[in-house]
Amino acid sequence: MKRHLMRAVILVLILAGGLGYLVYTGFEVFVPPLASQEGTRIDQLLRFQFFLIAAIFSLVVGLAVYAVLVFRRRGDEEEAGEYIHGNPTLEITWTVIPLLIVLGLSAVTTRDFFWMRRPDYDMVVKVTGQQFAWIFEYPDYGIKSAELVVPTGKRIKFELQSVDVIHSFWVPEWRVKEDLVPGLTTYVYITPTQEGEFKLRCAELCGVGHATMRAPVRVVSPEAFEAWVAEQMPPADPVALGEKLVSQYCASCHSLDGSQRVGPTFLGIFGREVTFTDGTTATVDEDYIRESIREPQAKVVEGFQPIMPPFGPDRLSDEEVDAIIAFLKTLEK
Amino acid sequence: MMHVLSTGLVRGLLGQAVGFLLGIALVLLGRSLLGLDASWAASQQPALVSGAVVSVLGFMLASGMVSDWLKEAMGQPAPMRHGPPEGRPKWWRYLSVDYNHKVIGIQYGATSIILIGLAGLVAVIFRIELTKPGIDFLDPNRFNTLIGWHGIVMIAAILLGVGGMANYLVPLMVGARDMAFPRLNAFAFWINIPGVVLVVLALFFGWDTGWTGYPPLGVFSLAGVDLFYLGVFFVGLSSILGAVNIIATALGMRAKGMTLFRMPIFVWSMLATSLIALTATQLIGLSFVLVVLERTFDMHFFSPILTEHAKALGAPPGNPLLFQHLFWFYSHPAVYVFVLPGLGIISELLPVFARKPLFGYKWVAMASMAIALVGFLVWGHHMFTSGMSDIMRVTMMWTTLLVAVPTGIKFFNWLATLWGGKLTFPTPMLFVMGALSIFLIGGLSGPPNGTVTTDLFLHDTYWIVGHFHATMFGGFFYPYIAAVYYWFPKVTGRMYNEKLGKLHFWLMTPAFWAMSLSQMMAGLWGMRRRIVDYDPALGIEPFHMVTTVAGIVIFVAMTIFVVNIVWSAVKGPVAEANPWKSRSPEFQLPSPVPEYNYDRPLVVVSNPYDYGRPEPYVVFASGSATD
């Protein structure tokens, strides 16, 4: 029996060595490049857990494979296996060791989690989610943006709010995610460490446009961030303002290039003949666009779902609606 | 033809259709009497809710399920009818209300396999959509409906599968002639059918919340969501009633000499399962009914965004997190409702095919109870990113990871049972070994989601999809399939085809491994759950290709399984009474099992898994059973 156990242990060790080597060399391939300070603790723990998985997997599979290969019934022999009912020492061993491992994991994670959530930060960005777009506000600078631009090296508190359903804030390279819950303000701290372009992706099913609820994320040097802030004063030209607002509020559902999204495309929208779900028709003009923004359900274009949220004066002023109209007029086919 | 029309199933479905129309008519009539807009567009939502509720009453009345109770309520005698139907073909009782636990077990099992097939087919459809980036043939709303449908129908199928195994096996294993409450048992099965019909109808109206139905999205969702919520409510009701019966049977109807620690281990796992189902299912039923009330009567339990009407009434805003707490308080323990019976099957079958006693019987039994109890205190790990308080997240992590301990105990005892055995590998044993391998990856991929910080990364990604499909396949589907092959000769009196069984196993197992690992990798690389289209920039297309192809192979393998059991049930070679040389009491009976199981009382004289010992587990007392 001892001989069997020795051989099985060798099999376990070979397996564990191979899998451990795979985790050791391959971990960077398993996960996207890391780009936040908070994520370092996550990657450390994940890497440790992958080693742990490799070890336990090898133990169980090594013993099971050995048993399957060696402890088979040969020929037609009818005898039974060894009459062993159990072994209290073994039972206590494989109860206590896993217990210690999970308690250790819990303790380390508790420490890391409170470290990640410690309430000190250098700047605030307010994130508002709505079906199916993201808006970023910088209260320190009075800026609103559809693109998330942040500097490296600053610990940012993202204050998360939703105007309709639950969304979730996630940039895979930053690792952490947190839900946006209507009625609550949730938060997450991130210190970007890598410059570059990333994507924010909604990670909680939020309806028909969930898959494409993304926003561009640009991490820049602190100097470049200051320059960006200076550029962000609202444009005076209505067409430029309109373009900005459309990319902020509309473009995730209405394409500008004629491609098919959740809502009708804006390409060549002015003067287009449209048929509504109730069978009536109209030509798109300023009043129709104004109504479609304020009360989208009043007339729904045939072939589309009545899912657009209304934008009241508290979210888009009359001037901003006029600017959107001015921009849409430029989108001729 | 007349026989088909007279079955409880057909009459029930007709009753349900009539009830549905009646319920709709009630609302339209009520609205017009009250002077409200009674057009279909304005009344659709309350009309469907009313139709759904009345339709279930219609089904239960027309199927004949409640006839005996109505008779008794009116003071007429309604004696318990047992045995094959008079003047009808043999199959008739399987499609009608019947009180024999074995008939009900087969009804549960067959329904579950049909639902597994439908939900699997739906999975193949949306997997084909996901093979490449871009929207090919499923619009986003249809995609969302299908993923929610796949999830909830699989859950219903699993609950029915558990019901099938429990109903067929528990009375046989404890030496009883039937369940403790045969009429309640039949009711618990039949209430599923109208529930499932509602969920099927939801497919045609559409809903976009996934199977979790989270408000506020659920509050604003398409018309199908009410049918989904209500359908699940009735399936849950079945689960509660079934659990009452299992507990009463296991605790109250055991044969002489069968102390708790001499019960077959599957009975232990069903006892643990039933304690969860009996006490936690109410919470999902409650949360779903509250959302339906919110949608129908504008009651703001969960949605913080008030309608004008609610504002005028001064209603306080609702809280979306409240729903998640109620929902997961059941839906996490539900995972153990699915896997504990499966793990019980593994523990039950391993000794038979290793010809050795189950190693550490008491530890395995107590591990089931420990999982069931700890399982009540871990629901918050589904909410680590939900905005729940930090303290709550950490607390739920400590409890969650504890589940690994009893799960580990089971694993190590299974290994020790294999060690030094005389193993043989017919199809049921192959599936037990497959279950071990798949449940292992399902289990080992768990702790990274259990520790809060790493879960902030993994939550709502395909890593999770890979993780729970592995736990469901390893913890339920593989053991369930093993159970079907293992008890097939006992149930039908015929033998399944061994070659097709092995083909089924060797197609499905590598495919499942490939599917699981590629899902997990896609998740690590940034693939989110529940999206119809993914960003080609993530570079995850190869993983999706593998997942889709593997999914199709699994579907083909399951088709072979169904062909095998259906064909073998009719044409298979006649089986011996005890083809596995099992010590379990049901294998001491002829196949198929007689109407009343045991004609003489059982007496337990030794331990259930003492393979290699001359004395049997049970002997039959002399004299006949006279209840």
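Placed above this text is the structure.
Conventions used here
Residues numbered from 1 in each chain as written. Chains lettered and ligands numbered in written order. Predicted model: local features only at pLDDT ≥ 70, side-chain atom pairs only at ≥ 80, totals over all residues. Heavy atoms only, no water. Contact = heavy atoms within 4.5 Å. Buried area = accessible area lost by both parts, 1.4 Å probe. Salt bridge = Lys/Arg side-chain N within 4 Å of Asp/Glu carboxyl O. Polar contact = N/O pair within 3.5 Å; in protein donor to acceptor, adjacent residues only side chain to side chain. Nonpolar A, V, L, I, M, F, W, Y, C, P; charged D, E, K, R; others polar. Pairing = 2+ DSSP bridges. Helix = DSSP H or I, 4+ residues; strand = E, 2+ residues; numbered from the N terminus. Axes fitted to C-alpha atoms, helices over the stretch in contact; angles between N-to-C directions. Buried < 20%, exposed > 50% of the residue type's maximum accessible area, 1.4 Å probe, protein only. Arc of directions from axis to C-beta. Core = buried A, V, L, I, M, F, W, Y, C linked by side-chain atoms within 4.5 Å.

Colleague: How would you explain the interface of chain B and chain A if you had to name every residue and give the values?
Modeller: Counting from both sides, the interface comprises 91 residues of chain B and, opposite them, 89 residues of chain A. With both sides pooled, the region where chain B packs onto chain A buries about 7,700 Å², and carbon together with sulfur makes up 70% of that total. Together, Trp-419, Phe-457 and Arg-528 of chain B form the three largest contributors to the area buried by chain B at its contact with chain A, with a combined 11%. Arg-117 of chain A serves as the salt-bridge partner of Asp-390 of chain B, at 3.2 Å between the closest nitrogen and oxygen. Taken together, the links from chain B to chain A amount to 24 residue pairs in polar contact (both at pLDDT 80 or more). Broken down by class, the residue content of the side of chain B that touches chain A amounts to 54 nonpolar, 21 polar and 16 charged.

Colleague: Lay out the sheet that holds strand S6 (residues 167-170) of chain A with the relevant residues and their values.
Modeller: Residue and element names in this part refer to chain A. The strand order across the open sheet formed by five strands is S4-S10-S9-S6-S7, and the pairing between neighbours is mixed. Edge positions in the sheet fall to strand S4 (148-151) and strand S7 (177-180), since each of these pairs with one other strand and no more. Along the sheet, successive strands turn relative to each other by an average axial angle of 25°, direction set aside. Pairing between S6 and S7: four bridges, direction antiparallel. Paired with Trp-170 across the strands is Lys-177, a residue of S7.

Colleague: Just give me the short version of helix H4 (residues 222-231) of chain A, but keep the residues and values in it.
Modeller: All names here are of chain A. All buried positions along H4 are accounted for by Phe-225, Trp-228 and Val-229. Down the axis, H4 shows its buried residues gathered within 100° of arc, on one side only. Along H4, the residues that are exposed and aim more than 90 degrees away from the buried face are Glu-223, Ala-230 and Glu-231.

Colleague: Quick one: what's the story with the pairing of strand S8 (residues 186-190) of chain A, residue by residue and with numbers?
Modeller: Residue and element names in this part refer to chain A. Counting buried residues in S8 gives four out of five residues, a clear majority hidden from the surface. Relative to S8, strand S5 (residues 156-162) is paired through five bridges, and the arrangement is antiparallel. The residue of S8 that forms the bridge with Lys-157 is Tyr-189.

Colleague: Pulling in residues and values, what's your account of the side chain of Arg-393 of chain B?
Modeller: Within the secondary structure, Arg-393 of chain B sits in helix H15 (residues 390-402). Here Glu-178 of chain A takes part through its side chain, which lies 2.8 Å from a polar atom of the side chain of Arg-393 of chain B. Each residue touching Arg-393 of chain B, except ones within four places of it in the same chain, is listed here: Phe-113, Arg-117 and Glu-178 of chain A together with Phe-384, Thr-385, Gly-387, Met-388, Val-452 and Leu-456 of chain B.

Colleague: Lay out the nonpolar core with the relevant residues and their values.
Modeller: By size, the foremost hydrophobic cluster in this structure holds 287 residues, and its most contacted members are Trp-134, Tyr-138, Leu-148, Phe-158, Phe-169 and Trp-174 of chain A. A total of 22 residues in this core trace back to one element, the largest contributor, which is helix H6 (residues 140-174) of chain B. Excluding anything up to four places from it in sequence, Trp-174 of chain A contacts Ala-35, Ser-36, Gly-39, Leu-148, Val-150, Phe-158, Phe-169, Ile-190, Pro-192, Val-217 and Val-219 of chain A. Grouped together as the second largest cluster of nonpolar side chains are 25 residues, Phe-304, Phe-311, Ala-323 and Ile-324 of chain A included.

Colleague: Outline the sheet that holds strand S2 (residues 133-138) of chain A, supporting the account with residue identities and numerical values.
Modeller: Residue and element names in this part refer to chain A. The strand order across the open sheet formed by five strands is S3-S2-S1-S5-S8, and the pairing between neighbours is mixed. Two strands lie at the open edges of the sheet, namely strand S3 (143-145) and S8, each paired on one side alone. Strand-to-strand twist in this sheet, taken as the mean axis angle between neighbours without regard to direction, amounts to 25°. Judged from the seven bridges that link them, strand S1 (residues 123-130) and S5 form a sheet pairing that is parallel. The residue of S5 that forms the bridge with Met-123 is Ile-156.

Colleague: How would you summarise the environment of Ala-67 of chain A if you had to cite specific residues and measurements?
Modeller: Along the chain, Ala-67 of chain A turns up in helix H2 (residues 38-70). Through-space distance from the C-alpha of Ala-67 of chain A to that of Ala-8 of chain A is 8.4 Å; in sequence the pair is 59 residues apart. Not counting residues within four places of it along the chain, the set of residues in contact with Ala-67 of chain A comprises Arg-72 of chain A together with Leu-418, Trp-419 and Leu-423 of chain B.

Colleague: Lay out the pattern of salt bridges with the relevant residues and their values.
Modeller: Residue and element names in this part refer to chain A. On inspection of all chains with the given rule, the structure shows 31 salt bridges over all chains. Notably, a salt bridge pairs Arg-41 with Asp-112, separated by 3.1 Å at the nearest N-O pair. You can see Arg-41 sitting in helix H2 and its partner Asp-112 sitting in helix H3 (residues 88-116), a full 71 residues away along the chain. Judged by its relative accessible area of 2%, Asp-112 falls in the buried class.

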